[in-house]
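Report on the structure
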Amino acid sequence: MFRVVHGDITRFKAEAIVNAANKYLEHGGGVAYAIAKAASGDVSEYIRISKEEMRKQIGRDWIEHGEVVVTPPLNLAKNGVKYVIHTVGPYCGGKWDEDKRKKLELAILGALKKADELGVRSIAFPAISAGIYGCPLEEVVKTFKLVVNEFLKSAKNVTDVYLVLYSERDYEVALKVLERDE
Ligand code: AR6
């Protein structure tokens, strides 16, 4: 099941939540800052943990589209969160093309595959790349819809995937995209 919901991902109850990170896991703004703040209270400490895990899990100081890093939920465990999965979407700056779509697909799929591997049943995503990275929200939601529905056909553990829209307006846009059959 794929569903769009209106809310704050730092309050959302799911076994895994995804962070719309940058490739260095700096968590300087947007949903990344909000997640780091909610998880640890101390954003620079959560950045330190993220970078340490990135070195352990990836062996580098940056991630490519499709690569993900998992960090502990700390305070977000109160929402039933077991893992925070960091993924990096494309930078669009208002533009959209096949290359950006492909990078977003990789970013979404990387997090879904990791969650499935970890035995997670429910996972919540923010609208990756639709904020500071400036990708058109409609295209982002369309990409989510296609990637998630395809992924769910062969998932072993993941059954519930949520796209959490922070603003009422974004939520309305996302609902409209989902209602279209394309
Ligand atoms: N819950 C759910 N969604 C949220 C929340 C929240 N608490 N806060 C913001 N959003 P962005 P990006 C929405 O900019 O475009 C960071 O600095 C927001 O309205 O967080 O992928 C990273 O470190 C938007 O729809 O991520 C990177 O440098 C969506 O989350 C860069 O921003 C994504 O917006 C990544 O940019």
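See above for the structure.
What you are looking at is a predicted structure, and each value in this text was computed from that prediction instead of being measured.

Further remarks concern the pairing of strand β2 (residues 16-21). With respect to burial, β2 is a largely interior element, 5 of its 6 residues being buried. Two strands pair when backbone bridges link them, and β2 and strand β4 (residues 83-88) are joined in this way by 6 bridges, in the parallel orientation. What sits directly across from Ile17, in β4, is Val84. Sheet analysis places β2 next to strand β5 (residues 122-125), joined by 2 bridges and oriented parallel. Bridged to Ile17 within β5 is Ala124.

Another aspect to go through is the sheet that holds β5. Spatially, 6 strands are ordered β1-β6-β5-β2-β4-β3 in an open sheet, and the strand pairing comes out mixed. Looking at which strands have only one partner, the edges of the open sheet turn out to be β1 (2-6) and β3 (69-71). Strand-to-strand twist in this sheet, taken as the mean axis angle between neighbours without regard to direction, amounts to 25 degrees. In the packing of helix α3 (residues 98-117) onto the sheet, contacts are made with β2, β3, β4, β5 and β6 (160-165), and the angle to β5 comes to roughly 155 degrees.

Attention now goes to the environment of Lys114. Structurally, Lys114 can be placed in helix α3. In the structure, Lys114 is positioned 87 residues away from His27 in sequence and 20 Å away in space, judged by C-alpha atoms. When neighbours within four sequence positions are excluded, Lys114 is seen to be in contact with Val68, Val70 and Ile85.

For the structure on display, the rule yields 1 disulfide. Across a sulfur-sulfur distance of 1.9 Å, Cys92 and Cys135 are joined as a disulfide pair. Measuring handedness by torsion sign, the sulfur bridge of Cys92 and Cys135 sits at about 85 degrees and is right-handed. Residue Cys92 is found in the loop between β4 and α3, and its partner Cys135 is found in the loop between β5 and α4 (137-152); the two are separated by 43 residues along the sequence.

Before going further, it helps to spend a moment on the site of the ligand. The immediate surroundings of the ligand are formed by 20 residues, with Asp8, Val31, Ser129, Gly131 and Ile132 found nearest. One of the backbone nitrogen or oxygen atoms of Ser129 is found 2.8 Å away from an oxygen atom of the ligand. For the shell around the ligand, the leading source of residues is helix α1 (residues 30-40), giving 3 residues. Across the shell around the ligand, the residue classes tally to 10 nonpolar, 8 polar and 2 charged.

For the coordinates displayed, the defined rule picks out 3 aromatic pairs. With 5.8 Å between their ring centres and 75 degrees between their planes, Tyr91 and Tyr133 make a pair best called edge-to-face. Taken together, the residues Tyr91 in the loop between β4 and α3 and Tyr133 in the loop between β5 and α4 connect sequence positions 42 residues apart. By relative accessible area, which is 24% here, Tyr133 ends up partly exposed. Relative to Phe144, the ring of Phe125 has its centre 5.2 Å away and its plane inclined at 75 degrees; by these criteria the two rings are edge-to-face. Here the residue Phe125 occupies a position in strand β5, and Phe144 occupies one in helix α4, the gap between them amounting to 19 residues.

About the cut-offs
- Residues numbered from 1 in each chain as written.
- Predicted model: local features only at pLDDT ≥ 70, side-chain atom pairs only at ≥ 80, totals over all residues.
- Heavy atoms only, no water.
- Buried < 20%, exposed > 50% of the residue type's maximum accessible area, 1.4 Å probe, protein only.
- Helix = DSSP H or I, 4+ residues; strand = E, 2+ residues; numbered from the N terminus.
- Pairing = 2+ DSSP bridges.
- Axes fitted to C-alpha atoms, helices over the stretch in contact; angles between N-to-C directions.
- Contact = heavy atoms within 4.5 Å.
- Disulfide = S-S within 2.5 Å.
- Near = heavy atom within 4 Å.
- Polar contact = N/O pair within 3.5 Å; in protein donor to acceptor, adjacent residues only side chain to side chain.
- Nonpolar A, V, L, I, M, F, W, Y, C, P; charged D, E, K, R; others polar.
- Phe/Tyr/Trp six-rings, centres within 6.5 Å; stacked < 30°, edge-to-face > 60°.

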